[in-house]
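Close look at the chain arrangement
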Amino acid sequence: MLSANRPEIVALLLLALASPAFAQPADGDVADFYRGKSLTIVVGHEAGTGYDFFGRMLARHIAKHMPGNPAAVVQNMQGAGGTRAANWLYNVAPRDGTVVSVFAPETALKPIFGDPAASYDPVRFTWIGNMDESVATCTVSARFAITSLDELRTRATVFGATGVAAPTSKFAYALVNFIGAKIKVVQGYKGSNDLRIALNRGEIEGACGPSHSTLKTQWKDDIESGRIRVLVQFGLKPHPDLKGAAHIYDYAATEEQRAIFDVAFGPHVLGRPVIAPPAVPAEHAQILRTAFAAAMRNPELLSELERLGMVIAPSSGAEVEALVARFAAVPKHVIEKAVAGLHEKR
């Protein structure tokens, strides 16, 4: 069981993602199941986002490691920060192993945090793997000369966001509620790409949510040119690529606050999860997990990432499944405080 003890939570998060263990290949006639079929990869966010980038990268490589040589097709199903896709995956999608989805890890865990819009049980999903351990950030436009996180405690700013349920809103409200930032959150942007454009136009001063991998890909030119800069990072530990950004844990004054931060920001460690519906036949789930593991080691995929200056830290479906179960066991009072800090106070 996961307790409120902060070192234990951090150890579980990091150890669960560090092991190289992956599922072993399936045997027998089941290998013919995928022949003549397509594997549909449903991305729960708009085109041009980091989730879309990873979903399409997965599509280029996973099928070549699956028996029967199925085609891999990507579909975008954005809405409510990925909740539309998650509800569809759990309640409507075929449960035969021909559909997987990629959406925000916070979305996948919403029921654990009491979100009534989430009609699914994350523990029952079939977890195929995680493409990359993720570090979320908040960014600011260089147009407004914001140089430190502390400035947001005394200076009123406008941050853009997608929907109220999305990380783009939740991380902004976290700055308001946990450190006293004077941020007005303006929602309604379609995705991280629209937020990037709005930052460049000066429509908004800041935006939360983009992960380190998004900054290295879709936002690369803006970050390298200095048009957009990273103000704060939310990883369990500081990321070496983000040395100029504040670390949110530096603002936790007590051990209880650090435990709350673990719950509020820790799920983002699951970064780019690949998820199938519940009750997928075990042999088909094993094929998907094995193909996923092989794709993450594929030299062609790694070469693509190297050209972008990226290095991924994937983890297996079994590891992610165990981590989700541990989140589900977090004490209620810790979850309640974390959830309150991620939403606008009325």
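**Brief notes about the layout of surface pockets**
What the largest pocket holds in volume is close to 380 Å³. The greatest single-element share of the lining of the largest pocket, amounting to three residues, is contributed by helix 7 (residues 212–216). For the second largest pocket, the calculated volume is near 320 Å³. Taken together, 26 residues form the lining of the second largest pocket, with His45, Thr162, Thr168, Gly191 and Ser192 sitting closest to its centre. For the lining of the second largest pocket, the secondary-structure elements that each account for two or more residues are helix 2 (50–61), helix 5 (167–179) and strand 8 (206–211). When grouped by side-chain class, the residues that make up the lining of the second largest pocket number six nonpolar, 17 polar and three charged.

**As for the sheet that holds strand 4 (residues 126–130)**
In spatial order, the strands read 2-1-3-11-4-12; together these six strands make up an open sheet with mixed pairing. The open sheet is flanked by strand 2 (71–76) and strand 12 (315–316), the only strands paired with a single partner. Relative to strand 11 (residues 273–276), strand 3 (residues 99–102) runs antiparallel, the two being bridged by two bridges. Bridge pairing links serine 101 to isoleucine 275 in strand 11. Contacts from helix 10 (residues 282–297) reach strand 1 (38–43), strand 3, strand 4, strand 11 and strand 12 within the one sheet, and its direction differs from that of strand 4 by about 5°. Where helix 12 (residues 317–328) meets the sheet, it contacts strand 4 and strand 12, and its direction lies at approximately 110° from that of strand 4.

**Observations concerning the sheet that holds strand 6 (residues 157–160)**
Pairing is mixed in the open sheet, where six strands are placed in the order 7-6-8-5-9-10. In the strand order of this sheet, the two ends are held by strand 7 (183–186) and strand 10 (246–247), each with one partner. Pairing analysis gives two bridges linking strand 9 (residues 228–233) to strand 10, with the strands arranged parallel. When the bridges of strand 10 are listed, glutamine 233 appears paired with histidine 247. Packed on one face of the sheet, helix 5 meets strand 5 (136–141), strand 6, strand 7, strand 8 and strand 9 and runs near 165° to strand 7.

What counts and how
- Residues numbered from 1 in each chain as written.
- Predicted model: local features only at pLDDT ≥ 70, side-chain atom pairs only at ≥ 80, totals over all residues.
- Heavy atoms only, no water.
- 1 Å grid on protein atoms, 1.4 Å probe; cavity = no way out; pocket = protein on both sides within 12 Å on 5 of 7 lines; lining within 4 Å.
- Points joined across faces, edges and corners; volume = space filled by probe spheres on them.
- Helix = DSSP H or I, 4+ residues; strand = E, 2+ residues; numbered from the N terminus.
- Nonpolar A, V, L, I, M, F, W, Y, C, P; charged D, E, K, R; others polar.
- Pairing = 2+ DSSP bridges.
- Contact = heavy atoms within 4.5 Å.
- Axes fitted to C-alpha atoms, helices over the stretch in contact; angles between N-to-C directions.

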